[in-house]
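Chain by chain, the residues run as shown.
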Amino acid sequence: MNEPTTALGLEGGAVDEFRKRLAKLDAMREAGVEPYPVRFDRTATAGELHERFDALEPGSETDEVVRVAGRMLLRRDQGKLVFATLRDGGDSIQLFVSRSVVGDALFEAFGELDLGDWIGVEGTVMTTRKGELSVRVSSFQLLSKALRPMPDKWHGLTDVDVRYRQRYVDLIANDDARRVFTVRFDAISALRECLLAKGFVEVETPVLHAVAGGATAKPFVTYHHALDTDLFLRVAPELYLKRLIVGGFDKVFEIARVFRNEGLSTRHNPEFTMLELYAALVDYNDIARLTEEMIADAAQRSIGTTRVEWDGHDIDLTPPFRRATMIDLIREHAHVEMHPSMPVADARAICDSFGVPWQADWGSGKLMLEVYEKTTEHALVAPTFVMDYPREVSPLARVHRDDPMLTERFELIVAGRELANAFSELNDPVDQRRRFEAQARLKALGDDEAQGVDDDYLRALEFGMPPCGGLGIGIDRLVMLLAGVTSIREVILFPHLRPEVQ
RNA sequence: GCGCCUCUAGCUCAACUGGUUAGAGCAACGGACUCUUAAUCCGUUGGUUCCGGGUUCGAGUCCCGGGGGGCGUACCA
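1. Section: helix α13 (residues 455–462)
It helps to recall that an α-helix has 3.6 residues per turn; residues three or four apart then point in one direction.
So, step 1. Those residues of α13 lying buried are Tyr457, Leu458, Ala460 and Leu461. Buried residues of α13 fall within an arc of 155° about the axis and therefore sit on the same side.
So, step 2. Check the buried side of α13 and you find it contacts α7 (238–246) and α12 (429–444).
So, step 3. A side-chain oxygen of the first residue of α13 lies 3.3 Å from the backbone nitrogen of Asp456; this N-cap is Asp454.
So, step 4. In the segment just after α13, Gly464 is the residue with positive phi, at about 100°.

2. What to know about the pattern of salt bridges
Pairs may arise between side chains of opposite charge once their charged atoms sit close together.
So, step 1. Counting across every chain of the model gives 46 salt bridges.
So, step 2. Put simply, Asp175 and Arg87 hold a salt bridge, and the shortest N to O gap is 3.0 Å. Taken together, the residues Asp175 in helix α6 (residues 175–197) and Arg87 in strand β2 (residues 81–88) connect sequence positions 88 residues apart.
So, step 3. Looking at Asp175, the relative accessible area reads 52%, which means it is exposed.
So, step 4. Here Arg433 ties to Asp455 by a salt bridge, and the two come within 3.6 Å at their closest N and O atoms.

3. Looking at the pairing of strand β12 (residues 307–310)
So, step 1. Burial along β12 is one-sided: the residues Val308 and Trp310 are buried and none of Arg307 and Glu309 is.
So, step 2. When β12 meets strand β13 (residues 313–316), the two strands line up antiparallel, connected through 4 bridges. Residue pairing for β13: Arg307 is matched across the bridge by Asp316.
So, step 3. Counting the residues between successive antiparallel strands, the hairpin from β12 to β13 contains 2 residues, one of them, Asp311, with a positive phi of roughly 50°.

4. So, the protein's contact with RNA strand B
So, step 1. Residues in contact with RNA strand B amount to 56 residues; listed here are only the nearest, Arg76, Lys130, Lys153, His268 and Arg477.
So, step 2. Within 4 Å of the protein, atoms of RNA strand B come from sugar and phosphate in 60% of cases.
So, step 3. Gln94 has a polar side-chain atom sitting 2.8 Å from a base oxygen of RNA strand B.
So, step 4. Here a base nitrogen of RNA strand B and a side-chain polar atom of Asp152 are 2.7 Å apart.
So, step 5. Only α1 (13–30), β1 (61–77), β2, β3 (91–98) and α4 (160–165) provide two or more residues apiece to the surface near RNA strand B.
So, step 6. Among the elements that make up the surface near RNA strand B, the one with the highest residue count is α1 (5 residues).
So, step 7. Tallied by class, the residues present in the surface near RNA strand B amount to 15 nonpolar, 17 polar and 24 charged.

5. Structural notes on the sheet that holds strand β4 (residues 118–127)
Whenever strands of a sheet pair, they do so through backbone hydrogen bonds, lying parallel or antiparallel.
So, step 1. Taken together, the 5 strands give a closed barrel; going around it, the order is β1-β2-β3-β5-β4, and neighbouring strands pair in mixed fashion. On average, adjacent strands in this sheet sit at an angle of 50° to one another, irrespective of strand direction.
So, step 2. As defined by bridge partners, β3 adjoins strand β5 (residues 133–144) across 3 bridges and the pair is classed as parallel. Each bridged residue has a counterpart across the sheet, and for Leu95 the counterpart in β5 is Val135.
So, step 3. Relative to β3, helix α2 (residues 46–53) is tilted by about 85°, and along the sheet it contacts β1, β2, β3, β4 and β5.

6. Re the sheet that holds strand β15 (residues 384–387)
So, step 1. Here we have 8 strands laid out as an open sheet, ordered β6-β10-β11-β20-β19-β18-β15-β14, and mixed in their pairing. Single-partner strands in this sheet number two, and they are β6 (201–202) and β14 (322–325).
So, step 2. Alignment of strand β18 (residues 409–414) against strand β19 (residues 417–424), held across 6 bridges, turns out to be antiparallel. Within β19, the residue paired with Phe410 across the bridge is Ala422.
So, step 3. Together, β11 (271–280), β14, β15, β18, β19 and β20 (468–474) form the strand contacts of helix α8 (residues 284–303), whose direction differs from that of β18 by roughly 25°.
So, step 4. On top of the sheet, helix α9 (residues 326–334) reaches β14 and β15; it is set at about 90° to β14, its chief contact.

Reading the values: the criteria
Residues numbered from 1 in each chain as written. Chains lettered and ligands numbered in written order. Predicted model: local features only at pLDDT ≥ 70, side-chain atom pairs only at ≥ 80, totals over all residues. Heavy atoms only, no water. Buried < 20%, exposed > 50% of the residue type's maximum accessible area, 1.4 Å probe, protein only. Helix = DSSP H or I, 4+ residues; strand = E, 2+ residues; numbered from the N terminus. Arc of directions from axis to C-beta. Contact = heavy atoms within 4.5 Å. Polar contact = N/O pair within 3.5 Å; in protein donor to acceptor, adjacent residues only side chain to side chain. Salt bridge = Lys/Arg side-chain N within 4 Å of Asp/Glu carboxyl O. Pairing = 2+ DSSP bridges. Near = heavy atom within 4 Å. Nonpolar A, V, L, I, M, F, W, Y, C, P; charged D, E, K, R; others polar. Axes fitted to C-alpha atoms, helices over the stretch in contact; angles between N-to-C directions.

Here is the structure:
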């Protein structure tokens, strides 16, 4: 008998089970049957059969010959009759296997199958006396042998460590895991199609950056041997996308995996997905309208409604969302008047009164943001566009047309969490250079999240970038909201975990 | 990073204040059964109690160290 060569993580009884199943493989091959055949002609999926035949009366027989394939997850043995549940995609179909129909040899072979095996069957469509749609099997073949036992057929797999590390098993055992990812895929498709329909083009920009810019975040560093230089994994695609606006693509977007070398939590994974888009000739008010339309559309097309319940809150994603300035919202929730132009001493006093720690080099704009985050952001449950951020904390946003201390920037807050960030883009290369240099000074003072000066980006702006609105949406957080889950690991197929130890 | 919690059979869970040989359901194996739905019924196998030390006559249980995971918190999206 072959020894298991890949018995990773198997112990005790599981090794015996593994060996038993390997022995079945050997026996099949000796009998001239290939346990991993190369293909199977399927004529129907379980879902299609339900669509076509769910109206059949109990006890019906048809002449409809079908070939279905899937993973056998349950078996109910009645002696000379066996019922089995075949799982195919997200659907199931029952198999009706009668000794008198398939003959003794095939019937015995069916008994040799293990739960978890992939099989292909041919048979006719029928319903049982109790009305369960089934395939009356006339023949079957093994399509792939499962060497490892499936999780508990009733309780499934609940150990979150195993669920995340072995997502394939999670997807087999837990319907809800499949549901959550279906929401994710549908939402992303909806966002993409919505943008394509509006004339946006989907682009791909570099993941390896010489200068990590476009967001204040700590990057991952890697090393290019041939070039003998450090490179950074991108923290945002922003600066490349705006180069494309300079180049004359009027409307671009990218669904971008970005990487930030920061802590892990139920809201943070080291790599996550952002949708960023830029459109020439529009401002942040246009972008706000686009944002609420896109999010409502994604909700409608992924979960069929714009009303969601999340973490105990009822949230209505039906546009239009509330729009309010940060200054007004601070007044509303903290009952204080703040403005980036106020004396720093006054702003510090307000921070002190709310127990917000501050640093000596922060101006009133940064202090105002801190007060907002402490007192207001978490209270914004219904979707809210928080408008007009201080210039001091917005190095890439255009100065507000009516107030030189503010920028034309909004964040969309839902359930107290940031879902999107957008602004009328800064396209004045002289101003942009000054703001980069301010960031570079912070970096030199030890702020490892500050951005460096990106000279090539400045050069691009010097060729002239048209007026432009830009948006970033945190896809993982949007999906959490839509799927009703509170951990980001539930919406990332393979979330980052420490390496598995043996 | 820090704090709290957690880890028992392949899976889901038991095991009073430390006390015989660590149990049950599912899965697996053997048997019965031609309309089941987590099929049922009878029987059997399966354990490095995460790892390493320690205390004790005796440790799954208590202590120390290490590892994995969860939650909270900090940084952040």
